[in-house]
Amino acid sequence: MLKLDKKDMRLFIIVALMTILAPFILNPFPEGSGLAQFNAGYPDLMQRFVIFGIFAIGFNILFGLTGYLSFGHAAFLGVGSYAAIWMMKLLTMNVIPAIIASVAIAGVFALVVGFISLRRSGIYFSILTLAFAQMSFAMAYSVLTPITGGETGLQPKVNDPRILDAALAPGATPSAGLFGLEMRDSYELALGNWLFTFNFGYYFAAALMLVAFYTSMRIFRSPFGMMLRGVKSNQQRLNYTGLNSKPYTLAAFVISGMYAGLAGGLLVAMDTQVGPERMFWTASGEVVLMTILGGAGTLIGPVLGAGFIKYMENIISKINESILHQWFYWLPDGLEDLVVGMIYPFIGKGWHLTLGIMFMLVVIFLPGGLVEGGQRIGRWVRGKGRKADATGDKKSTASTPAE
Amino acid sequence: MDAIILQILNGLDKGSAYALIALGLTLIFGTLGVVNFAHGALFMLGAFCAVTLNKLLTLSFITIDETQKDFLGNPLKVETPYIEGWFGPEVAGTVIEWSVPLAILFAIPIMILVGLVMERGLIKYFYKRPHADQILVTFGLAIVLQEIIKYFYGANPIPTPAPSAFSGSFDFGALLGFDPGTIIYPYWRLVYFGFAAVVIAGVFAFLRYTTFGMVVRAGMADRETVGLLGINIDKRFTIMFALAACVAGLAGVMYAPINSPNYHMGMDFLVLSFVVVVVGGMGSLGGAVAAGFLLGVLESFASMSQVLNVLPGINQIIIYLVAIIVLLTRPRGLMGRKGVMED
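The structure presented is a predicted model; accordingly, all values stated were derived computationally and were not measured.

Observations concerning the packing of helix H2 (residues 39–57) of chain B against helix H6 (residues 131–153) of chain B
A pair of packed helices can be characterised by two numbers: the angle between their axes and the separation between those axes. All names here are of chain B. Viewed as axis vectors pointing N to C, H2 and H6 meet at an angle of 20 degrees, and their least axial separation amounts to 10 Å. The orientation of H2 relative to H6 falls into the category roughly parallel. The handedness of the crossing between H2 and H6 is left-handed. Along its contact with H2, which presents Ala 41, Met 44, Leu 45, Phe 48, Val 51, Thr 52 and Lys 55, the element H6 presents Ala 142, Leu 145, Gln 146, Ile 149 and Tyr 153.

Below, the structure written as structure tokens:
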């Protein structure tokens, strides 16, 4: 089915189920309980999970397969966002033209940047992409203000032309939608103490994420994907066999740029505004962190990494000192202060520190990211279960490299 | 003419900072073959050495002065720095005022220690790993260092004034025979430029005229052969890493009065310094220094209003534009050595 083999199909179905049931899975704690702050099942955050998941999946097609480390991918995200917002200003608040435009324009932009940047490799490639992204950021910030709105950014206004929609009724606030359904429409389901929110915008983005995930799966398993892996493992040898690898890497670059554009367009569809800071190089660094943390070159890793980082950014960062004191109230006074004092630097506003440390640990010890970590634990557990079957186990691990 | 001289001068102080950081980056790259994304963080640590020394010197004890009253009529609390109690107000005042130059002495051992720990504790294990891994792990380290500083010093910039002897401006125009007031240049920037020149000259002299430097240069050219000659080149390279960290730190110390240090200042400089290194040519020390000054001056030229009228916004992108052009037309950089990182 869907031209996937059995193992991939299983993974795809698991991912699909997880995204469909996310409002339940991410809201495991009842309202009002002390742990309710760990609930991530609110629309804004869920949308971010899938949108940045798309972004990271796209980045992974470039970095995970070809090994080219781009430090400027946020530029494509930003370009996609600007394209989408202009579609909303000029044509319609319907998200379809916005999404199509964001993907197409980001793709064209990636083609230009990629064509130039891919003339070099290694660290030079990283610096070139970084330079392009920083240039885009600086220009969006200053020179291109008529197009980008400069520092304040853009949002749809009531009196924009909107040819297809006709202008809005006076006083109506523009909001993005899809044939009458608005992105912020939500259905709330109360079950006992639990409150689950089903948001239309989330499911729209999630559907696109599944499409993106499926496409990346097909790319990974295709001859084209094999060629990209060849670039990563030994580009020189590939060249010696008489192949020109440039079209392949360029195609990978453009595809990943289009993914970034799609993510940018979706960001606008969910929250109709955009500013140049979206293209700043820290944003590019973030997608690198997501992909590596989750597991570069694996299918599911980038999505996990994106979810992990966004969860930390939104949930862990909200834990403050008084909440910690509530948790550890049962400890003797001096010890309580000590424990809180020891944990506090790593959470709340210091969550970046935890992120940095985790990232370093992953790069040093787990080049395959969280996915490899999970596999190692799984293997360890299984290995303990049946040590006798050592040969068979070895065979199966050899045939499943971190994927 | 005077406008041109003014722009050159304006470019020099930023160029000095670029050159110092790029020099350290190139040293590390040339010796250990490691791409150090945490170098900006070392610059930032240096700046915070200045902040720390200033804070240490102004550590105060509080005495209650019965003779003075505050506006509520309570006895006034007077903060006296400890050193004022020990050495008297005259000496203490001078020492506190000169805390930034003094911080150089304070920063050297700290930065060397940081460099040694970093190299032995982390970088050592990344010699054999691909450059992408080196970039990633040092990028992570930079985040960690910067968050640690943020935890202790907060997110806001901390003003760290230069000694008042250097606080004014210098009328360059009068000296060169232009109308007075046309070329005004702050003293401290002049000091910074001079300091950078001395440090750069020192590093070059060290590499050029000492036996140690000669061995290091030999090791940069052919590490294996030097190792076969029975010289412990790894140890020397570790020391060079510490030296590079020290150079970045000193650049940071002296930069503190120009721009109040904040925790992310290193990252802002790092991105540009990398561009500088690439433009100068990977592995070429002279290239890094020349490109640093060149790009600093170019940047300040691009921000002249005459230029901005023709090409709006060029000041924001000039460095990146130059980098792209250089990389595409002269992939080895301006002065890159043959065979260094050529892929």
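There's more to say after this.
Brief notes about the packing of aromatic side chains
Tallied over the full model, the rule gives 30 aromatic pairs over all chains. Between the aromatic rings of A:Phe12 and A:Phe213, the centroid separation amounts to 6.2 Å while the plane-to-plane angle is 5 degrees, which identifies the pairing as stacked. Residue A:Phe12 is located in helix H1 (residues 6–20), and its partner A:Phe213 is located in helix H8 (residues 200–221); the two are separated by 201 residues in the primary sequence. Overall, the relative accessible area of 13% leaves A:Phe12 in the buried class. An aromatic cluster is present here, built from A:Phe71, A:Trp281, A:Phe359, B:Phe37, B:Phe139 and B:Phe274 joined pairwise through their rings. A cation over an aromatic ring shows up here: A:Lys89 above the ring of A:Trp86, its NZ or CZ 5.9 Å from the ring centre.

Structural notes on the pairing of strand E3 (residues 186–191) of chain A
All names here are of chain A. Pairing geometry for E3 and strand E4 (residues 194–199), over 6 bridges, is antiparallel. The residue of E4 that forms the bridge with Tyr 187 is Phe 198. Connecting E3 to the antiparallel partner E4 that follows it, the hairpin turn spans 2 residues, and Gly 192 within it adopts a positive phi of roughly 60 degrees.

What about the environment of A:Leu208?
One can find A:Leu208 in helix H8. Ignoring sequence-local partners within four residues, the contact set of A:Leu208 consists of A:Ile54, A:Leu262 and A:Leu266.

Analysis parameters
- Residues numbered from 1 in each chain as written.
- Chains lettered and ligands numbered in written order.
- Predicted model: local features only at pLDDT ≥ 70, side-chain atom pairs only at ≥ 80, totals over all residues.
- Heavy atoms only, no water.
- Axes fitted to C-alpha atoms, helices over the stretch in contact; angles between N-to-C directions.
- Helix = DSSP H or I, 4+ residues; strand = E, 2+ residues; numbered from the N terminus.
- Parallel < 35°, antiparallel > 145°, perpendicular 65-115°, else oblique.
- Left-handed = near helix turned anticlockwise from the far one by under 90°.
- Contact = heavy atoms within 4.5 Å.
- Phe/Tyr/Trp six-rings, centres within 6.5 Å; stacked < 30°, edge-to-face > 60°.
- Buried < 20%, exposed > 50% of the residue type's maximum accessible area, 1.4 Å probe, protein only.
- Lys NZ or Arg CZ within 6 Å of the ring centre and 35° of its normal.
- Pairing = 2+ DSSP bridges.

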